[in-house]
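# Analysis of the macromolecular model
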Amino acid sequence: MTTVLFSVAGVVAVAAAVVVVVSRRIVHAALWLVVALGAIAGCFGALRAEFVALVQILVYVGAIVVLVLFALMLTKAPTNPLPTLTTGRSPFAAVVAGVLALILGSGIVLAFGNEKIEPVADGSAEAVGTQVFKTWVLPFEVLSVLLLAALIGAIALSQRKKED
């Protein structure tokens, strides 16, 4: 059952990621990003890594996508379709992406074969919390300072007066 749930969530994540890339409206791309990141949280949930799945939803689906949409509104980026951004290289890029996907997919199949996906043992909130706050406390704090600096930078940019 774990393999089926993981596979379904993985297919949804890949399909939504493709729609994110090919979407012509940036707001639609951001909303499909919510679907892709939610499906990845579903993959973590299928593996019984509840804490990681909830963090995925809170941090990525909640905070990062809201930050992207906030940045779009703050910078007054055009939300209409922008056909001028696409070039004549799109078919070539699709072929390269397809070949890369085949290479990576065959590598995964050759590496793992017919192994079944087993739930993780260390995905509980207690195990992950112990690792984060004992082993990884310095990178955790550096990341929080970096996010604070990004927030201050966004506020500073929004307060800048327009030049005539």
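Note that this is a predicted model, so its numbers are computed, not measured. (Residues numbered from 1 in each chain as written. Predicted model: local features only at pLDDT ≥ 70, side-chain atom pairs only at ≥ 80, totals over all residues. Heavy atoms only, no water.)

On to the overall build of the protein. The helix and strand tally for the protein stands at six helices and zero strands. When its helices and strands are written in sequence order, the protein yields α-α-α-α-α-α. Split into buried and exposed, the 164 residues of the protein put 14% on the buried side. Contacts spanning at least 24 positions in sequence make up 70% of the contacts within the protein whose residues lie at least 6 apart. (Helix = DSSP H or I, 4+ residues; strand = E, 2+ residues; numbered from the N terminus. Buried < 20%, exposed > 50% of the residue type's maximum accessible area, 1.4 Å probe, protein only. Contact = heavy atoms within 4.5 Å.)

Think of a ball as big as a water molecule: rolled over the atoms, this probe shows where empty space is left. Considered as a void within the structure, the second largest pocket measures approximately 680 Å³ in volume. In terms of lining residues, the second largest pocket is bounded by 20 residues, among which Val55, Val59, Phe140, Leu143 and Leu147 are the most central. For the lining of the second largest pocket, the secondary-structure elements that each account for two or more residues are α3 (50–74), α5 (125–135) and α6 (137–159). Broken down by element, the residue count for the lining of the second largest pocket peaks at nine residues, all from α3. Partitioned by chemical class, the residues of the lining of the second largest pocket number 17 nonpolar, three polar and no charged. (1 Å grid on protein atoms, 1.4 Å probe; cavity = no way out; pocket = protein on both sides within 12 Å on 5 of 7 lines; lining within 4 Å. Points joined across faces, edges and corners; volume = space filled by probe spheres on them. Nonpolar A, V, L, I, M, F, W, Y, C, P; charged D, E, K, R; others polar.)

Our focus in this paragraph is the UniProt feature "transmembrane region" (unreviewed entry) in the protein. UniProt feature "transmembrane region" (unreviewed entry): in the numbering of this structure it lies at residues 6–22, 29–47, 53–72, 92–113 and 133–157. Split by type, residues 53–72 is 100% helix and 0% strand. Its first and last C-alpha atoms lie 27 Å apart. Helix makes up 96% of residues 133–157 and strand makes up 0%, while its end C-alpha atoms are separated by 33 Å. (UniProt positions renumbered as here; feature names shortened; annotations may be inferred.)

Even without a glycine there, the phi angle at arginine 48 is positive, about 60°. With respect to the secondary-structure elements, arginine 48 resides in the loop between α2 (26–46) and α3.

Looking now at a nonpolar patch on the surface. Taken together, the side chains of Val55, Leu58, Val59, Tyr60, Ile64, Leu67, Val68, Phe70, Met73 and Leu74 present a nonpolar region at the surface, about 870 Å² in accessible area. Turning to its location among the elements, leucine 74 is positioned in helix α3. (Patch = residues over 30% accessible without salt bridge, like charges linked within 9 Å, V, L, I, M, F, W, Y side chains within 5 Å. Areas by Shrake-Rupley, 256 points an atom, 1.4 Å probe, with all protein chains shown as cover. Salt bridge = Lys/Arg side-chain N within 4 Å of Asp/Glu carboxyl O.)

An ideal rise of 1.5 Å per residue puts 30 Å on 21 residues; α2 measures up with 30 Å between its terminal C-alpha atoms. Burial in α2 covers these residues: Ala29, Ala30, Ala36, Leu37, Ala39, Ala41, Cys43 and Ala46. On its buried side, α2 packs onto α1 (2–22) and α3. Arginine 48 sits one or two positions beyond α2 and adopts a positive phi of about 60°. (Expected span 1.5 Å × (residues − 1).)

Now for the packing of aromatic side chains. A complete count under the given rule lists one aromatic pair for this structure. Here the aromatic rings of phenylalanine 133 and phenylalanine 140 are separated by 5.3 Å at their centres, their planes lie at 75°, and the arrangement is edge-to-face. (Phe/Tyr/Trp six-rings, centres within 6.5 Å; stacked < 30°, edge-to-face > 60°.)

It is worth spelling out the packing of α1 against α2 at this point. Running from N to C, α1 and α2 point in directions that differ by 165°, and their axes come no closer than 8 Å. It follows from the interaxial angle that α1 and α2 lie roughly antiparallel. Two packed elements cross with a definite hand, and for α1 against α2 that hand is left-handed. Contacts between α1 and α2 involve Thr2, Leu5, Phe6, Ala9, Gly10, Val12, Ala13, Ala16, Ala17, Val19 and Val20 from the first element and Ala29, Trp32, Leu33, Val35, Ala36, Ala39, Ile40, Gly42, Cys43 and Ala46 from the second. Considered class by class, the residues forming the contact of α1 with α2 number 18 nonpolar, three polar and no charged. (Axes fitted to C-alpha atoms, helices over the stretch in contact; angles between N-to-C directions. Parallel < 35°, antiparallel > 145°, perpendicular 65-115°, else oblique. Left-handed = near helix turned anticlockwise from the far one by under 90°.)

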